[in-house]
Amino acid sequence: PQQVRPMPDRKIDSPSDQQEAVHGAARPALDWLGRWVRGFETVVVVILLIMIGLVTMFALGQLARTLWHEAFAGETLFIGWGALVELLGHTLSVLIALELLIVVYSTLAEGTIQVQVMFEVAIIAVTRKILLLDVQEDEPLHLMGVALLVVALAFGFWLVRRTRQRAEAGKG
């Protein structure tokens, strides 16, 4: 068994005090490792912010190019169904990128991942997928899977929102 050396100005009264006295020597190494991990996490999050920002700008450029091409470069001002679906797909891509940017930024600023925002991103992504689906071409099992995913995401979003509302009501 390891010998326990009490701290000079403290008495060891509880098992947690004893554990702290035994493992106190390892604490500086763990503190250093914790600082390194937090610093590494910050670097990764900043790089992700920059990359998602670039993706957002690219998606916005695609949206602008498609809108210009369909609205002003055509012979008529009428936008066909295919072009409209393409425009909505690009618009939702920009929204997805923006929401991911918000998630990554809040992770950096607050140190937590906001689950409700992640559900919002997933719901927008599935909405985009539904808009781009070709019901005539896709397998029925695939369509049922997408429908189940929509139900699961809606239930998860509702559950997270309800839990948050109850927590806020309990604080007030």
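Reference entry: report on the structure contained in this document.

What counts and how
- Residues numbered from 1 in each chain as written.
- Predicted model: local features only at pLDDT ≥ 70, side-chain atom pairs only at ≥ 80, totals over all residues.
- Heavy atoms only, no water.
- Helix = DSSP H or I, 4+ residues; strand = E, 2+ residues; numbered from the N terminus.
- Expected span 1.5 Å × (residues − 1).
- Buried < 20%, exposed > 50% of the residue type's maximum accessible area, 1.4 Å probe, protein only.
- Contact = heavy atoms within 4.5 Å.
- Patch = residues over 30% accessible without salt bridge, like charges linked within 9 Å, V, L, I, M, F, W, Y side chains within 5 Å.
- Areas by Shrake-Rupley, 256 points an atom, 1.4 Å probe, with all protein chains shown as cover.
- Salt bridge = Lys/Arg side-chain N within 4 Å of Asp/Glu carboxyl O.
- Core = buried A, V, L, I, M, F, W, Y, C linked by side-chain atoms within 4.5 Å.

The subject of this paragraph is helix α5 (residues 140–171). The first and last C-alpha atoms of α5 sit 47 Å apart over 32 residues, in line with the 46 Å expected at 1.5 Å per residue. Buried within α5 we find V146, L153, G156 and F157. For α5, the elements touching its buried residues are α4 (115–132).

Of note, V85 is situated in helix α3 (residues 81–110). The buried category is assigned to V85, whose relative accessible area is 11%. Between the C-alpha atom of V85 and that of R128, which follows or precedes it by 43 residues, the distance is 9.3 Å.

All right, on to a nonpolar patch on the surface then. On the surface, L30, W32, L33, W36, V37, F40, V44 and L48 cluster together into a nonpolar patch covering about 800 Å² of accessible area. Among the structural elements, F40 can be located in helix α2 (residues 27–71). Classification of F40 as partly exposed rests on a relative accessible area of 48%.

Glancing now at the nonpolar core. The biggest cluster of nonpolar side chains holds 6 residues, and these are F119, V126, L133, V146, L153 and F157. Elements supplying a minimum of two residues to this core: α4 and α5. For this core, the element with the highest residue contribution is α5, accounting for 3 residues. Other than its neighbours up to four places away in sequence, L133 contacts D138, H142, L143 and V146.

For the rest of this paragraph, the subject is the side chain of T56. Inspection of the secondary structure puts T56 in helix α2. With sequence-adjacent residues up to four places away left out, T56 is seen in contact with A97 and L98.

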